[in-house]
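The lines below spell out each chain.
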Amino acid sequence: MNYISTRGNVGEVGFIDAVLMGLADDGGLLIPKQIPRLSEAELTSWSKLDYKGLALEIFSRYINEEIPQDELKELIEASYSTFRDSDITPVRKLNDNSYVLELFHGPTFAFKDVALQFLGNLYSYIARKRNSIINILGATSGDTGASAIEGVRGKEGIRISILHPHQRVSKVQELQMTTVDDANVLNLAVKGNFDDCQTLIKELFADVEFKNKYHLRAINSINFARILAQTVYYFFAYFQVTADAPGEKVNFSVPTGNFGDIFAGYLAKQMGLPVNKLILATNENNILERFIKEGVYQPGEFHITHSPSMDIQIASNFERYLFYLYNEDASQVADLMRQFKTEGKIVIDSEKLKQVQADFAAHGVKNDECLDAIRTTYESTGYLLDPHTACGIAASSPYTGSDELTVTLATAHPAKFDESIQLVNIKQEFPVQISQLFDKPQYQTVVEHSKADVVEHIVKLYQA
Ligand SMILES: Cc1ncc(COP(=O)(O)O)c(C=O)c1O
Ligand SMILES: N[C@@H](CCOP(=O)(O)O)C(=O)O
């Protein structure tokens, strides 16, 4: 499988080069040249596989012989042996036709571990096989950073700098990142919000000379390997909930910020998984909801919400979806992205809007509605939702009364967001891996929202 850019100005590259390139060199995003399509017979045979077996089948379709099958199997084995649940991403029935897909059984209690345990091992593999230098640069609203650090810590030849918005991540997220004192880990707390952090790193990745000079590697979902690893759990969940009704269509409600997780669901659907609606659940930062309902993609006012990891305006992976919406026409995507840069918005016509609405439903969940979903779900089922999953549950509610099957992605463990849980007066017990973080010293450097300051710090790390 080769990879191309959504903007069409990068030659085809293989899987490993696509992983190393991260952001495409023309500023676009890398995507597979052709999405592999599954036959019904393949889908039926996959339904009997366990999580690792499914991951092997799916990854093989995108990696081909670049990583020999036995080595890929070892990578998968190593990546998912760190999960606390033997199903890796178990599905729980909430009530009637409503399920949650628990994605938080990895080391940092968030869905990011599913892809970043794999990507950490993959970078280590590439460093060994290709002798490549791996200097990771990432931006986080809290979960990606913690998970990426955990995915690479202790791995030889890898250095990692993570930018997070100063004092705008939850206490547990901050502790998970900043209590790591390994010499190859740098935490920069940027005075700004997540979009500021993401814009800064995207600028550095887009400067191809700088990127190549310092061997910058991406762990954010601009890296296609992230998306690939996240498609697996859509298949896994689908097979679990349709065990008695094979072939039935399933809705997925996906808490969304950067459009990465939901794009993985879109990809699974394009591969042939019988997905009905992809329900985009967001918070008061509702640019994506407005796009799906009105066809206008334009940042609005920034809000601090009870689901801080989704306090995002500019959704990185949106460009990947635009590519398919515009029938894989890279020059149209490049024009639209230019227009977004100069005019600050993208407007699609009514035909395209119809297509968007056939793929997605959307709901921007207000703060009170989010807390309400946590409270009422807890009262009626005893199940404690984290605030991001609560947005997913709130957005799924128009569907769960029907006889359609609906799966909400549970993207984090509630212990990561106790600030929000306390607002509904629920007392939770922390897993020991989280409670022990509170006794540890923290290591982070607070910096202004300034490219020069960030560059100074990361270059020091990468040259060490
Ligand atoms: C807990 C949690 N849920 C949902 C999301 C949204 O995922 P995505 O950015 O892939 O849309 C994030 C991060 O963005 C997150 O950390
Ligand atoms: N919510 C994310 C934001 C970054 O998203 P990513 O999909 O690009 O990694 C986080 O937790 O950092």
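Residues numbered from 1 in each chain as written. Chains lettered and ligands numbered in written order. Predicted model: local features only at pLDDT ≥ 70, side-chain atom pairs only at ≥ 80, totals over all residues. Heavy atoms only, no water.

The name given to the protein chain in an unreviewed UniProt entry is Threonine synthase, and the organism recorded there is Paenibacillus roseus. UniProt, in the comment section headed Cofactor (unreviewed entry), describes the protein chain in these words: "pyridoxal 5'-phosphate". As stated in UniProt under Sequence similarities (unreviewed entry), the record for the protein chain gives "Belongs to the threonine synthase family." (UniProt positions renumbered as here; feature names shortened; annotations may be inferred.)

A. View of the overall build of the protein chain. For the protein chain, the helix and strand inventory stands at 20 helices and 15 strands. Relative to the 2.2 N^0.38 estimate, which gives 23 Å for 464 residues, the radius of gyration of the protein chain is 21 Å and therefore close to what a compact globule would have. Its C-alpha atoms put the protein chain at 60 × 50 × 50 Å along the principal axes. When burial is assessed residue by residue, the protein chain has 64% of its 464 residues classed as buried. A separation of at least 24 residues holds for 75% of the contacts in the protein chain among residues at least 6 apart in sequence. Surface exposure of the protein chain reaches about 17400 Å², of which carbon and sulfur atoms provide 46%. Where the 43 positive side-chain charges of the protein chain centre and where its 60 negative ones centre are 3 Å apart. (Helix = DSSP H or I, 4+ residues; strand = E, 2+ residues; numbered from the N terminus. Rg over C-alpha atoms; globule rule 2.2 N^0.38 Å. Buried < 20%, exposed > 50% of the residue type's maximum accessible area, 1.4 Å probe, protein only. Contact = heavy atoms within 4.5 Å. Areas by Shrake-Rupley, 256 points an atom, 1.4 Å probe, with all protein chains shown as cover. Lys, Arg positive; Asp, Glu negative; His and termini not counted. Charge placed at Lys NZ, Arg CZ, Asp CG, Glu CD.)

B. Focus on the packing of aromatic side chains. As enumerated under the stated definition, the model contains 28 aromatic pairs in all. Plain terms: the ring middles of Tyr-266 and Tyr-321 are 5.2 Å apart, the flat faces sit at 90° to each other, and that makes the pair edge-to-face. Of this pair, Tyr-266 sits in helix 11 (residues 260-271) while Tyr-321 sits in helix 13 (residues 318-325); the two residues are 55 residues apart in sequence, bridging distant segments of the chain. In this structure, Tyr-266 and Tyr-321 share a single accessibility class: buried. Three or more aromatic residues joined by ring pairs form one cluster here, namely Phe-259, Phe-263, Tyr-266, Phe-291, Tyr-297, Phe-318, Tyr-321, Phe-323, Tyr-324, Phe-340 and Phe-360. The ring of Tyr-326 carries Lys-352 above its face, with NZ or CZ at 5.0 Å from the centroid. (Phe/Tyr/Trp six-rings, centres within 6.5 Å; stacked < 30°, edge-to-face > 60°. Lys NZ or Arg CZ within 6 Å of the ring centre and 35° of its normal.)

C. The arrangement of the pattern of salt bridges in detail. Applying the stated criterion to the full structure yields 20 salt bridges. Note that Arg-61 is salt-bridged to Glu-57, the shortest N-O span being 3.3 Å. Linking Arg-61 with Glu-57, this pair stays in helix 3 (residues 51-63), spanning four residues, or about one helical turn. The closest approach of N and O atoms between Lys-416 and Asp-143, which form a salt bridge, is 2.6 Å. Here the residue Lys-416 occupies a position in the loop between strand 14 (405-410) and helix 18 (418-422), and Asp-143 occupies one in helix 6 (residues 143-152), the gap between them amounting to 273 residues. (Salt bridge = Lys/Arg side-chain N within 4 Å of Asp/Glu carboxyl O.)

D. Spatial organisation of the packing of helix 8 (residues 194-206) against helix 20 (residues 451-463). At their nearest, the axes of helix 8 and helix 20 sit 11 Å apart, and the two run at 65° to each other. As summarised for this structure, helix 8 and helix 20 are arranged roughly perpendicular, according to the angle between their axes. The hand of the helix 8/helix 20 crossing is right-handed. Packed against helix 8, whose contacting residues are Leu-200, Glu-203 and Leu-204, the element helix 20 presents Lys-451, Val-454, Val-455 and Ile-458 at the interface. (Axes fitted to C-alpha atoms, helices over the stretch in contact; angles between N-to-C directions. Parallel < 35°, antiparallel > 145°, perpendicular 65-115°, else oblique. Left-handed = near helix turned anticlockwise from the far one by under 90°.)

E. Molecular detail of the site of ligand 2. The environment of ligand 2 is formed by 13 residues, the closest being Thr-140, Ser-141, Thr-144, Ser-221 and Arg-226. Thr-140 has a polar side-chain atom sitting 2.6 Å from an oxygen atom of ligand 2. Here an oxygen atom of ligand 2 sits 2.8 Å away from a polar atom, N or O, in the side chain of Ser-221. Protein chains shield 95% of the accessible area of ligand 2, which is 330 Å² for the free molecule. Its residues assigned to classes, the shell around ligand 2 comprises two nonpolar, eight polar and three charged. (Near = heavy atom within 4 Å. Polar contact = N/O pair within 3.5 Å; in protein donor to acceptor, adjacent residues only side chain to side chain. Nonpolar A, V, L, I, M, F, W, Y, C, P; charged D, E, K, R; others polar.)

F. Fine view of the site of ligand 1. Taken together, 16 residues are adjacent to ligand 1, and Asp-143, Gly-257, Asn-258, Asp-261 and Thr-411 come closest. Backbone polar atom of Asn-258 to an oxygen atom of ligand 1: 2.7 Å apart, as the coordinates give it. In the complex, 98% of the free accessible area of ligand 1, which totals 380 Å², lies under the protein chains. Taken together, the residues that form the shell around ligand 1 break down as six nonpolar, seven polar and three charged.

G. Quick peek at the UniProt feature "modified residue: N6-(pyridoxal phosphate)lysine" (unreviewed entry) in the protein chain. The UniProt entry lists Lys-112 under the feature "modified residue: N6-(pyridoxal phosphate)lysine" (unreviewed entry), expressed in the numbering used here. Looking at the element boundaries, Lys-112 is found in helix 5 (residues 112-130). Dropping the residues within four chain positions of it, Lys-112 is found in contact with Asp-143, Thr-144, Ser-147 and Arg-226.

H. Broad picture of the pairing of strand 4 (residues 98-102). For strand 4, the tally of buried residues reaches five of five residues, placing the bulk of the element in the interior. Burial along strand 4 is two-sided: Ser-98, Val-100 and Glu-102 facing one way and Tyr-99 and Leu-101 facing the other are all buried. Here strand 3 (residues 91-95) pairs with strand 4 via four bridges, running antiparallel. Looking at the pairing, Lys-93 lines up with Tyr-99 of strand 4. (Pairing = 2+ DSSP bridges.)

I. How the structure looks around the packing of helix 13 against helix 15 (residues 350-359). In contact at an axis separation of 11 Å, helix 13 and helix 15 are set at 115° when each is read in the N-to-C sense. Considering the relative orientation of helix 13 and helix 15, their crossing is right-handed. Seen from helix 13, the contacting residues are Tyr-321, Tyr-324 and Leu-325; seen from helix 15, they are Lys-352, Gln-355, Val-356 and Asp-359. In terms of residue class, the contact of helix 13 with helix 15 is made up of four nonpolar, one polar and two charged.

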